[in-house]
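Structure at a glance
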Amino acid sequence: MTVLPVPVPGVCVRVKLNIGACGPYAHVVADFEPPGSGGGLELLNAVPGKRLPAEYLPALRAGLLEGLGGVEAAVLLTDGSFHDVDSCARGYEIAGQQAGRAALVGAGLLPREEAEALRWATWPGRPRPRRRPRQRSDRGNTARQSGG
């Protein structure tokens, strides 16, 4: 099984799906490191329960497992938040998936182009999104022809 080769600190994911007036909300900040001797996914939570209720951790763990795709890692949750109305397990599952993929890109296990698909994730060293080339408008730029 593959292990995360280098630490990827400061992965931040803030899921905000606006479906109508509300939608899933989740926010986590995590440091990813190579796993300890036990291997697998090691999830440690340093966020107080009033900021990130424990009820969302199983969904976050499931998302991390999916996002890491079998890569072993130790994950330390350093910050997070929730919303009384809009937070739900699905939001934290999405956050976990995005955080896991971000860690793989940050560690060099996925190509940098993969970062473009990570809508809600940021991390130190994240590749900047490619800008779409602007289409030029020929309106008003037409050269005047002198008639003679």
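Within any chain, residue numbers begin from 1 and follow the written order of that chain's sequence. Given that the model is predicted, a residue must reach a pLDDT of at least 70 before its local features are reported, and side-chain atom pairs must reach 80 or more before they are shown or counted; all residues, however, enter totals for whole chains, interfaces and linings. No hydrogens and no water enter the side-chain calculation; it runs on all heavy atoms of the structure.

This next bit is on the packing of helix 1 (residues 57-68) against helix 2 (residues 89-106). Working convention: axes come from line fits to C-alpha atoms, limited for helices to the stretch in contact. Angles between N-to-C directions cover 0 to 180 degrees. Numbering of helices and strands runs from the N terminus; a helix is a DSSP stretch of H or I covering at least four residues, while a strand is a stretch of E covering at least two. Helix 2 packs onto helix 1 with a crossing angle of 35° between their chain directions and a minimal axis gap of 6 Å. Crossing geometry of helix 1 relative to helix 2 is assigned as right-handed. Contacts from Ala59, Leu60, Gly63, Leu64, Glu66, Gly67 and Leu68 in helix 1 reach Ala89, Tyr92, Glu93, Ala95, Gly96, Gln97, Ala99, Gly100, Arg101 and Leu104 in helix 2. Residues are grouped as follows: Ala, Val, Leu, Ile, Met, Phe, Trp, Tyr, Cys and Pro are nonpolar; Asp, Glu, Lys and Arg are charged; all remaining types, including Gly, are polar. Looking at side-chain class alone, the contact of helix 1 with helix 2 contains nine nonpolar, five polar and three charged residues. For any pair of crossing helices, the crossing counts as left-handed if the nearer helix is rotated counterclockwise from the farther one by less than a right angle, and right-handed if it is rotated clockwise. Residue contacts are defined here by distance: any two heavy atoms, one from each residue, within 4.5 Å place the two residues in contact.

Before going further, it helps to spend a moment on the pairing of strand 3 (residues 41-45). For two strands to count as paired, DSSP must find a minimum of two bridges between them. Here strand 3 pairs with strand 4 (residues 73-81) via five bridges, running parallel. From the neighbouring strand, Leu43 faces strand 4, where its bridge partner is Val75. With strands facing away from the observer, any crossover in which the path from the first strand over the helix to the second runs clockwise is taken as right-handed. Regarding the hand of the β-α-β motif, the stretch spanning strand 3, helix 1 and strand 4 is left-handed.

Note on definitions: salt bridges are taken to be side-chain nitrogens of Lys or Arg within 4 Å of carboxyl oxygens of Asp or Glu. Applying the stated criterion across every chain yields a total of three salt bridges. One salt bridge in this structure joins Arg51 and Asp79, with 3.0 Å as the shortest N-O distance. Here Arg51, found in the loop between strand 3 and helix 1, pairs with Asp79, found in strand 4; they are 28 residues apart in sequence, far enough to count as distant. Residue Arg51 is classed as partly exposed on the basis of its relative accessible area of 34%. Exposure classes here rest on a 1.4 Å probe applied to the protein chains alone. A residue is buried below 20% of its type maximum, exposed above 50%, and partly exposed in between. A relative accessible area of 28% means that Asp79 is categorised as partly exposed. Arg101 serves as the salt-bridge partner of Glu114, at 3.6 Å between the closest nitrogen and oxygen. In this pair, Glu114 sits in the loop between helix 2 and strand 5 (121-122) while Arg101 sits in helix 2, placing the two residues 13 residues apart along the sequence. The exposure class assigned to Glu114 is partly exposed, which follows from its relative accessible area of 27%.

Read from one edge to the other, the open sheet built from five strands follows the order 3-4-2-1-5, with strand pairing classed as mixed. Two strands in the sheet have a free side with no partner beyond their single neighbour: strand 3 and strand 5. Those strands touched by helix 1 are strand 2 (25-33), strand 3 and strand 4, and its axis lies near 140° from that of strand 3.

Further remarks concern the side chain of Gln98. With respect to the secondary-structure elements, Gln98 resides in helix 2. Residue classification places Gln98 among the buried residues on the basis of a relative accessible area of 11%. Pairs of N or O atoms are called polar contacts if they sit within 3.5 Å, as long as, within protein, a hydrogen donor faces a hydrogen acceptor (for residues adjacent in sequence, only side-chain-to-side-chain pairs). Of the polar contacts made by the side chain of Gln98, one reaches the backbone nitrogen of Trp120; its length is 3.1 Å. Ignoring any residue separated from it by four or fewer positions in sequence, one finds Gln98 in contact with Val13, Ala117, Leu118, Arg119, Trp120 and Ala121.

It is worth spelling out the nonpolar core at this point. Only buried residues count toward a nonpolar core, which is a set of Ala, Val, Leu, Ile, Met, Phe, Trp, Tyr and Cys residues joined through side-chain atoms within 4.5 Å. Ranked by size, the top nonpolar core spans 37 residues in total, and within it Val11, Val13, Phe32, Leu60, Tyr92 and Trp123 carry the most contacts. At eight residues, helix 2 tops the list of elements feeding residues into this core. Sequence-distant contacts of Phe32, defined by excluding residues within four places in its chain, comprise Leu4, Pro7, Val8, Val11, Leu64, Leu68, Ala74, Val75, Ala99, Gly100 and Ala103.

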